[in-house]
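# Residue-level structure breakdown
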Amino acid sequence: MRSYFKFLSFVFALSLAAFSVACDDDSSSNNTNNTNNNAECGNGIIEGDEVCDGTSLGGTTCADLEGFTGGELACTGTCEFDTAACTDETC
């Protein structure tokens, strides 16, 4: 009887260890993926594939963009550059 309980204790400990490892691996992968893939447009932080966010333009100006010499660069509600107030190279 005593060896039966030792066996059950061993199986329980082994199962618990395997479950813990599996959970740790899954949750760390999901956290990394969520952080990298779920950029939140509108929070003022450029992340993921965003080129801008709110007033954060990442140091980019109209003159940095092809075809523009100056003006006021802005950011759209979808975190893309708004060049409506940029001036172009033509007179």
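Residues numbered from 1 in each chain as written. Predicted model: local features only at pLDDT ≥ 70, side-chain atom pairs only at ≥ 80, totals over all residues. Heavy atoms only, no water.

## A closer look at the side chain of Asp53
Formally: Each helix corresponds to a stretch of at least 4 residues labelled H or I by DSSP, and each strand to a stretch of at least 2 residues labelled E; elements are numbered beginning at the N terminus. When a residue's accessible area, from a 1.4 Å probe over protein chains only, is under 20% of the maximum for its type it is buried; when over 50% it is exposed; and in between it is partly exposed. For this analysis, residues touch if any pair of their heavy atoms sits within 4.5 Å.
Note on placement: Asp53 falls in the loop between α1 (2–37) and β1 (68–71). Of the residues examined, Asp53 reaches a relative accessible area of 0% and is grouped as buried. Aside from chain neighbours lying at most four places away, what touches Asp53 is Glu40, Cys41, Gly42, Asn43, Gly44, Ile45, Ile46, Cys75 and Cys79.

## Quick look at the nonpolar core
Looking at soluble globular proteins, one finds that nonpolar side chains tend to be buried together. Rules: Side-chain atoms within 4.5 Å link the members of a nonpolar core, which is a set of buried Ala, Val, Leu, Ile, Met, Phe, Trp, Tyr and Cys residues.
Residues Cys52, Leu57, Cys62, Leu73, Cys75 and Cys86 constitute the largest nonpolar core, which totals six residues. Ignoring anything within four residues of it in the chain, the contact list for Leu57 reads Ile46, Val51, Cys52, Leu73, Ala74, Cys75 and Phe81.

## Some thoughts on the environment of Cys62
Its location among the elements puts Cys62 in the loop between α1 and β1. Among the residues examined, Cys62 registers a relative accessible area of 1% and is labelled buried. Separated by 24 residues in the primary sequence, Cys62 and Cys86 have C-alpha atoms spaced 5.6 Å apart. The residues touching Cys62, leaving out its near neighbours within four places in the chain, are Phe68, Gly70, Gly71, Glu72, Leu73 and Cys86.

## Structural notes on the environment of Asp82
Counting through the fold element by element, Asp82 comes out in strand β3 (residues 81–82). For the pair formed by Asp82 and Cys52, sequence separation is 30 residues and the distance between their alpha carbons is 9.6 Å. The contact partners of Asp82, leaving out residues within four places of it in the chain, are Glu72, Leu73, Ala74, Cys75 and Thr76.

## Let's talk about the environment of Thr60
You can see Thr60 is positioned in the loop between α1 and β1. What Thr60 contacts, discounting residues up to four positions off in sequence, is Leu65, Leu73 and Phe81.

## Topic: the state of the cysteines
To keep it simple, the criterion reads: When two cysteine sulfur atoms lie within 2.5 Å, the pair is treated as a disulfide.
Throughout the structure, instances matching the rule amount to three disulfides. Paired by a disulfide, Cys52 and Cys75 hold their sulfur atoms 2.1 Å apart. Across the S-S bond linking Cys52 and Cys75, the dihedral sits near 85 degrees, which makes this disulfide right-handed. Here Cys75 lies in strand β2 (residues 74–75) and Cys52 lies in the loop between α1 and β1, a separation of 23 residues in the sequence. The same class applies to Cys52 as to Cys75, namely buried. Between the sulfur atoms of Cys62 and its disulfide partner Cys86 the distance amounts to 1.9 Å. The sign of the -70 degrees torsion about the S-S bond sets the Cys62-Cys86 disulfide as left-handed. Taken together, the residues Cys62 in the loop between α1 and β1 and Cys86 in strand β4 (residues 86–88) connect sequence positions 24 residues apart.

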